[in-house]
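# Inside the fold
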Amino acid sequence: MASKQNNFVEERLAGLEKNSLYRRLKTVVVDGPVATVNGKKAIHLCSNDYLGLSQDERVVKAAAGALRQVSQCSSRLISGNDPAMDKLERLLAKHRRTEAALVYPTGYSANLGAVTAVADKNSTIFSDELNHASIIDACRLAGAQVKIFRHNDAAHLGQLMIKSAGRKIIITEGIFSMDGDSADMREVGRIAMEHGAITIVDDAHGDFIFGPHYSGVPAKFGVDADIHVSSMSKGLGCFGGYVAASAKIKELLVNTSRQFIYTSALPDHLCAAAIAAVPIAKKGALQKKLFANIKYFKGKIAGLGFSLGPSESQIMPVMVGDEKKAVAFSDDLLKEGTFAQAVRYPTVKKGSARLRVSLTAMHEKSHLDSAIEAFETAGKKSGII
């Protein structure tokens, strides 16, 4: 690498280190609700496997039984669909109460694909200020005018829409990935109806967790979104993303979505895993266990004096504020046998660093009690409580 390039890289990394924004990959081996992190065994509070289905033997067996090849090694429009893909998409459409669904390799690419297919330079996108990075990138790629409304502020959203012409698109998360709170879908739906706007909901963290039949946050509020985007690597414990919408919107995606057209298909054994996971998730027993864990842990942690922000879900931000302090807190917590990562800028605003705790149905009360004790010890040491 040329010296100028070396200087740029080194300066950039040094700046990140100085501001406590430098990231380091940890070696993690997961075993149910615990993990070995850089050789240290700890209670695992960083997983999005909310129902524990990634480790369910029925799901693992389904994936293994379908493993005839590692990958199709091509896009679906070139190599065609495995029958498992068609079956999975029908299952997901029924789950989200839509006419059709289209599977993408990841939830990130599903957001990019959905937004760029329905928005263009003649559109205005109204995006919640706390939306995920994949939504922000999708809005930029679409070439549309983008207006940011204050988080969950229906009045502000309404004001912005009055001042805009052309095609209008509202996009929000269902459960916000860093704060764990829920979008006010009733207000979003009402405003969209008033202004003839298209609604897009990224429900990655609410899917298979909330709503009637666990169909997600829009269903919880009795709202029919135009386009549902979700991930199969969260509540479903599998891999890939999908868009659920009308049959015509699916046709539009197949014909215009670059993120679908120009990428390899999700491997069929991963489709088989998701097909096996859906009916298990729909039974509801795992959600019942998860909600009991949420209630117990939240009450105990709040009782110790920690601030959990506006969380209404399995995602709990333990608020710290200072980036350096958040990293030290996470390190101290790991020493006490609990793994919870520090989340900092640019994932969240500067000065709003936190530890992002994710609870799962795999956690037993003994795991939670150990984690609570670790939080108390590390919190007192770092001066957070």
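Residues numbered from 1 in each chain as written. Predicted model: local features only at pLDDT ≥ 70, side-chain atom pairs only at ≥ 80, totals over all residues. Heavy atoms only, no water.

Looking only at helices and strands, the protein chain features 15 helices and 14 strands. Relative to a compact globule of 385 residues, whose C-alpha radius of gyration would be 21 Å, the protein chain shows 21 Å and is just as compact. Each of the three principal axes of the protein chain carries a C-alpha extent, and together these read 55 × 55 × 55 Å. Split into buried and exposed, the 385 residues of the protein chain put 53% on the buried side. (Helix = DSSP H or I, 4+ residues; strand = E, 2+ residues; numbered from the N terminus. Rg over C-alpha atoms; globule rule 2.2 N^0.38 Å. Buried < 20%, exposed > 50% of the residue type's maximum accessible area, 1.4 Å probe, protein only.)

The next subject is helix α15 (residues 365-382). When the terminal C-alpha atoms of α15 are compared, their 25 Å separation across 18 residues agrees well with the 26 Å that a helix rising 1.5 Å per residue should span. If you check which residues of α15 are buried, you get His367, Leu368, Ala371, Ile372, Ala374, Phe375, Ala378, Gly379 and Ser382. Here the buried residues of α15 occupy an arc of 165 degrees about the axis, which is enough to place them on one side. Among the exposed residues of α15, those pointing more than 90 degrees away from its buried face are Glu373, Lys380 and Lys381. Two residues or fewer after α15 comes glycine 383, characterised by a positive phi angle close to 80 degrees. (Expected span 1.5 Å × (residues − 1). Arc of directions from axis to C-beta.)

Judged by nonpolar contacts, the single largest core of 77 residues is most densely connected at Ile170, Met232, Phe297 and Phe375. With eight residues, helix α12 (residues 268-282) is the largest single contributor of residues to this core. Among all residues touching methionine 232, those that are not within four sequence positions of it are Leu88, Leu92, Val103, Gly237, Cys238, Phe239, Gly240, Gly241, Tyr242, Leu266 and Ala274. Leu102, Ile135, Ile169 and Ile261 belong to the second largest nonpolar core, which has 26 residues in total. (Core = buried A, V, L, I, M, F, W, Y, C linked by side-chain atoms within 4.5 Å. Contact = heavy atoms within 4.5 Å.)

Looking now at the pattern of salt bridges. In the structure shown here, the tally under the stated rule is 21 salt bridges. Here arginine 58 ties to aspartate 56 by a salt bridge, and the two come within 2.8 Å at their closest N and O atoms. Aspartate 56 gets classed as buried once you look at its relative accessible area, which sits at 14%. (Salt bridge = Lys/Arg side-chain N within 4 Å of Asp/Glu carboxyl O.)

Taken together, the side chains of Phe8, Val9, Leu13 and Leu16 make up a nonpolar region of the molecular surface, amounting to roughly 310 Å² of accessible area. You can see valine 9 is positioned in helix α1 (residues 3-18). Residue valine 9 is classed as partly exposed on the basis of its relative accessible area of 31%. (Patch = residues over 30% accessible without salt bridge, like charges linked within 9 Å, V, L, I, M, F, W, Y side chains within 5 Å. Areas by Shrake-Rupley, 256 points an atom, 1.4 Å probe, with all protein chains shown as cover.)

It is worth spelling out the layout of surface pockets at this point. Of the voids in this model, the second largest pocket is the one considered here, and its volume is about 200 Å³. If you trace the second largest pocket, you find it lined by Val28, Val30, Gly32, His44, Cys46, Ser47, Asn48, Asp49, Ser54, Gln55, Ser233 and Met362. Classifying every residue of the lining of the second largest pocket by side-chain character gives four nonpolar, seven polar and one charged. (1 Å grid on protein atoms, 1.4 Å probe; cavity = no way out; pocket = protein on both sides within 12 Å on 5 of 7 lines; lining within 4 Å. Points joined across faces, edges and corners; volume = space filled by probe spheres on them. Nonpolar A, V, L, I, M, F, W, Y, C, P; charged D, E, K, R; others polar.)

This next bit is on the sheet that holds strand β1 (residues 28-31). Pairing is mixed across the open sheet formed by four strands, whose spatial order is β1-β2-β3-β12. Of all the strands in the sheet, the pair left with one neighbour each is β1 and β12 (338-339). (Pairing = 2+ DSSP bridges.)

This part is about the environment of aspartate 181. Within the secondary structure, aspartate 181 is located in the loop between β7 (167-173) and α8 (185-195). Judged by its relative accessible area of 4%, aspartate 181 is buried. Residues aspartate 181 and proline 310, spaced 129 residues apart in sequence, show a C-alpha to C-alpha distance of 5.7 Å. Among residues more than four places away in sequence, those in contact with aspartate 181 are His151, Asn152, Gly174, Ile175, Phe176, Pro310, Ser311 and Glu312.

The next thing to look at is the packing of aromatic side chains. Ring pairs (aromatic) are described by centroid distance and by the angle formed between their planes. With the rule as written, the count across this model stands at six aromatic pairs. Arranged with centres 6.1 Å apart and planes meeting at 80 degrees, the rings of phenylalanine 297 and phenylalanine 375 form a pair that is edge-to-face. Separated by 78 residues along the polypeptide, phenylalanine 297 in helix α13 (residues 285-303) and phenylalanine 375 in helix α15 bring together distant segments of the chain. As far as burial versus exposure is concerned, phenylalanine 297 and phenylalanine 375 are alike and both buried. Both rings, one in phenylalanine 306 and one in phenylalanine 329, keep their centres 5.9 Å apart while their planes meet at 10 degrees; by these two values the pair is stacked. Within this pair, whereas phenylalanine 306 is found in the loop between α13 and β11 (315-321), its partner phenylalanine 329 is found in helix α14 (residues 323-335), the two being separated by 23 residues in sequence. We classify phenylalanine 306 as buried; its relative accessible area is 5%. Among the aromatic residues, ring-to-ring pairing joins Phe297, Phe306, Phe329 and Phe375 into one connected group. (Phe/Tyr/Trp six-rings, centres within 6.5 Å; stacked < 30°, edge-to-face > 60°.)

By themselves, these observations are geometric and do not establish any function.
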